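# Residue-level structure breakdown
Okay, here's what each chain looks like letter by letter:
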Amino acid sequence: MSLYLLYESSSGYGLFEAHGLDEIGQNTEAVRSSVSDLSRFGRVVQLTAFHPSESALDALNQINAVSEGYMSDELRSFLELNLPKVKEGKKPKFSLGVSEPKIGSCIFEATKIPCQSNEFVLELLRGVRQHFDRFIKNLKPGDLEKAQLGLAHSYSRAKVKFNVNRVDNMVIQAIFLLDTLDKDINSFAMRVREWYSWHFPELVKIVNDNYLYSRVSKMIEDKSKLSEEHIPMLTEVLGDEDKAREVVEAGKASMGQDLSPLDLINVQTFAQKVMDLADYRKKLYDYLVAKMSDIAPNLAALIGDMVGARLISHAGSLTNLAKCPSSTLQILGAEKALFRALKTRGNTPKYGLIFQSSFIGRAAAKNKGRIARYLANKCSIASRIDCFADSSSTAFGEKLKEQVEERLDFYDKGVAPRKNVDVMKEVMENLGKKDEGEVKAVESSEKKKKRKTEEKDEEEQEEEKSKKKKKKSKVVEEETTTDNGNSKKKKKKAKSQVDE
């Protein structure tokens, strides 16, 4: 029985015939030793046919089909065209060696070609892979390596299921930029205060907010021009008419120096830049909240958008955060204090970044460590749900937040909290009910659509029937008119005959 070998390469399908196996031996060890010698191996294994891929996309589709154990139409036609024909009712006198048993069983089911995949066949295919560029003529050096590299990249990219809406890198960059903007806006606003205070020093004590100070300084420009007409505009900015009047009165009696028009222009330009940065910071925060609701909705519902984003950023990704135990998550961000405590054999820190949440601040001093440990436990659960769940919802995060609130009440008032098992069961039941409600809503909408289509069909049928009735009535009327005309003619003929 002759043996054929099917080899799937990055450039296409290759069919090889192995004959004279006595020269290299029938056992695996003999084949393994003879594979490296091309002159010996080439006498036994020879190329029968080669089917090149039409494009990179075609090569990717073929390799995906092979990896999933599915025989494509191209592979079937290639095998049927190049393998010996088998008459009906007779057993084939050859077998096909394949690398994967899955694809072998699929080929046998579809074409009844006997396939085998064992160590002997795998060693022969290893030799084919090693000397494949020698078997194919007109193949330039480096072409096979380029095809392998391109197919490997596209195959890996297709296998990794990439969800654009769940890219945690965007959250990491956004929280870094937010922290940088906070520092920059603060330092720039202080520079605006110092610069404009040279001209209007009393304004610093009246307006404390940096953003409002920049807006007011941009609006006032020259303090000597302040008058009662500016009060409505200042009231709109400050939100308080008394403060606006105080600013106008302070401008009239100000001890500051006068600035030249050029200096005022530079101060106003810089104040406008600070206002633009503050506006962009607000937009960036809204963007971060939206991304957190897509990526980690439960973590954001439990501990807040900013703290959740900082935890993801510090861990490196949401997956890394989900892999962290709750004890690591508890001191995430306090690594320096931890190693210093270990070095000096002092007390280790009780909390890291999670200290920024409101729960630890609300707890009593003796309970801060306990609530931090409990909160880290719930954050670990929420991050794992967000990372590995198929559908995203805030149901788990809201219930976990309720558990933390109950734990705070337990520490303060002694009220016993609910068990975690009961809370999770409640969430799962609620989600199941929601899914059932959605299914029912979809079914009801489909029923309504069917009713509407049926009503439309009935109306169309009725219209057609009415049209047909009208046509019949017209035809009957025409026939009656013609009959009446004929009867009149007959009567006239009868009268003429009588007269005669």
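Preceding this section is the structure that the text describes.
Sequence positions are assigned chain by chain, starting from 1 and proceeding in written order. Two thresholds apply to this predicted model, a pLDDT of at least 70 for residue-level local features and 80 or more for giving and counting side-chain atom pairs, whereas whole-chain, interface and lining totals are computed over all residues. Think of the side-chain values as coming from all heavy atoms in the structure, minus any hydrogens and water.

## Remarks on the overall build of the chain
To be explicit about the condition: Strands here mean DSSP runs of E at least two residues long; helices mean DSSP runs of H or I at least four residues long; both are numbered from the N terminus. Exposed residues in this analysis have more than 50% of their type's maximum accessible area, buried residues have under 20%, and partly exposed residues fall in between, with area computed by a 1.4 Å probe over protein chains only. Should any heavy atoms of two residues lie within 4.5 Å, those residues are considered in contact. The Shrake-Rupley method, run with a 1.4 Å probe sphere, supplies the accessible areas, and residue values consider only the shown protein chains as cover.
Helix and strand counts for the chain stand at 23 helices and 5 strands. Residue burial in the chain is summarised as follows: out of 500 residues, 37% are buried. Here the analysis covers contacts within the chain between residues at least 6 apart in sequence; of these, 66% occur between residues at least 24 apart. When the accessible surface of the chain is totalled, it reaches about 31500 Å², and 52% of it is carbon and sulfur.

## A closer look at empty space enclosed by the protein
Remark: the empty space left among the atoms is shown by a probe the size of a water molecule rolled over them. Going by this rule: Points on a 1 Å grid over protein atoms alone make up a cavity when a 1.4 Å probe fits among them but cannot get out, and a pocket when they form an open set with protein on both sides within 12 Å along at least five of seven lines; lining residues each have an atom within 4 Å of a point. Grid points are joined across faces, edges and corners, and a volume is the space filled by probe spheres set on the points. Each residue gets one of three labels, nonpolar for Ala, Val, Leu, Ile, Met, Phe, Trp, Tyr, Cys and Pro, charged for Asp, Glu, Lys and Arg, and polar for the others, Gly among them.
Evaluated as defined, the whole model comprises 2 cavities of 30 Å³ or more. In this model, the largest cavity occupies a volume close to 70 Å³. Counting residues per element, the ones that place at least two in the lining of the largest cavity are strand 2 (12-18) and helix 3 (56-67). Here the lining of the largest cavity takes 4 residues from helix 3, the largest share from any one element. For the lining of the largest cavity, a count of residues per class yields 5 nonpolar, 4 polar and 1 charged.

## Comments concerning the packing of aromatic side chains
Going by this rule: When the centres of two rings from Phe, Tyr and Trp lie within 6.5 Å, Trp using its six-membered ring, the rings pair. Their planes under 30 degrees apart give stacked, over 60 give edge-to-face, and anything left gives tilted. Charges are assigned to positions over rings by a cutoff of 6 Å between ring centre and Lys NZ or Arg CZ, combined with an angular limit of 35 degrees from the ring normal.
Scanning the model with the defined rule gives 12 aromatic pairs in all. Centre to centre, the rings of Tyr13 and Phe78 are 6.3 Å apart; their planes meet at 20°, and the pair counts as stacked. With a gap of 65 residues between them, Tyr13 in strand 2 and Phe78 in helix 4 (residues 73-82) connect regions that are remote in the sequence. Phe78 matches Tyr13 in its accessibility class, with the two residues each being buried. Ring pairing ties together the aromatic residues Tyr7, Phe16, Phe50, Phe132 and Phe135, which thus form one cluster. Positioned above the aromatic ring of Phe108, the side-chain terminus of Lys112 is 5.7 Å from the ring centre. For Lys282, the ring lying beneath its charged end belongs to Tyr211, and the centroid distance is 4.6 Å.

## Comments concerning the side chain of Asn298
If you trace the backbone, Asn298 turns up in helix 15 (residues 297-303). Overall, the relative accessible area of 2% leaves Asn298 in the buried class. The residues contacting Asn298, other than those within four sequence positions of it, are Ala382, Ile385, Asp386, Ser393, Thr394, Ala395, Phe396 and Gly397.

## A look at unusual backbone geometry
Backbone geometry places Lys112, a non-glycine residue, at a positive phi of 60°. Structurally, Lys112 is set in the loop between helix 5 (101-111) and strand 5 (115-116). For Lys112, a relative accessible area of 58% translates into the label exposed.

## Looking at the packing of helix 9 (residues 168-197) against helix 16 (residues 305-315)
Put simply, the rule is: Axes here mean lines fitted to C-alpha atoms, for a helix over just the part in contact, with angles spanning 0 to 180 degrees between N-to-C directions. Each angle is binned into one of four classes, with values under 35 degrees roughly parallel, values over 145 roughly antiparallel, values of 65 to 115 roughly perpendicular, and all other values oblique. The hand of a helix crossing depends on one turn: near helix anticlockwise from the far one by less than a right angle means left-handed, and clockwise means right-handed.
Contact geometry for helix 9 and helix 16: axes closest at 9 Å, N-to-C directions at 110°. Here helix 9 is positioned roughly perpendicular relative to helix 16, judged by the angle of their axes. The handedness of the crossing between helix 9 and helix 16 comes out as left-handed. Residues Asp168, Val171, Ile172, Ile175, Phe176, Leu178 and Asp179 of helix 9 form the contact with helix 16, whose participating residues are Met306, Ala309, Arg310, Ile312 and Ser313. Taken together, the residues of the contact of helix 9 with helix 16 sort by class into 8 nonpolar, 1 polar and 3 charged.

## Describing the layout of surface pockets
Empty space within the largest pocket amounts to approximately 370 Å³. Contributing to the lining of the largest pocket are 15 residues, with Tyr7, Glu8, Ser9, Ile63 and Arg129 lying nearest its centre. Put simply, the parts of the chain that give the lining of the largest pocket at least two residues each are strand 1 (2-8), helix 3 and helix 8 (143-159). Of the residues forming the lining of the largest pocket, the biggest block, 4 residues, is contributed by helix 8. Across the lining of the largest pocket, the residue classes tally to 7 nonpolar, 5 polar and 3 charged.

## Considering the nonpolar core
Stated precisely, the cut-off is as follows: Side-chain atoms within 4.5 Å are what join buried Ala, Val, Leu, Ile, Met, Phe, Trp, Tyr and Cys residues into a set we call a nonpolar core.
If you look at the biggest cluster of nonpolar residues, it comprises 50 residues, and the most contacted ones within it are Leu288, Ile303, Ile354 and Leu375. At 9 residues, the largest contribution of residues to this core is made by helix 21 (residues 368-388). Not counting residues up to four positions away in its chain, the partners in contact with Leu288 are Val171, Ala174, Ile175, Leu178, Met306 and Ala309.

## Remarks on the sheet that holds strand 3 (residues 45-52)
Stated precisely, the cut-off is as follows: Strand pairing is defined by DSSP finding a minimum of two bridges between the two strands.
Read from one edge to the other, the open sheet built from 5 strands follows the order 3-2-1-4-5, with strand pairing classed as mixed. Of all the strands in the sheet, just strand 3 and strand 5 have a single pairing partner and so form its edges. Where strand 1 meets strand 4 (residues 94-97), 4 bridges bridge the pair, whose relative direction is parallel. Bridging across to strand 4, Leu5 finds its partner in Gly97.

## So, the packing of helix 9 against helix 11 (residues 210-220)
Look at helix 9 against helix 11: their axes get within 10 Å of each other, and the N-to-C directions meet at 40°. Taken together, the axes of helix 9 and helix 11 are oblique relative to one another. In this structure, helix 9 crosses over helix 11, and the sense of that crossing is left-handed. When helix 9 is examined against helix 11, the residues Asn186, Ala189, Val192, Arg193, Tyr196 and Ser197 are found in contact with a partner set consisting of Asn210, Tyr213, Ser214, Ser217 and Ile220.

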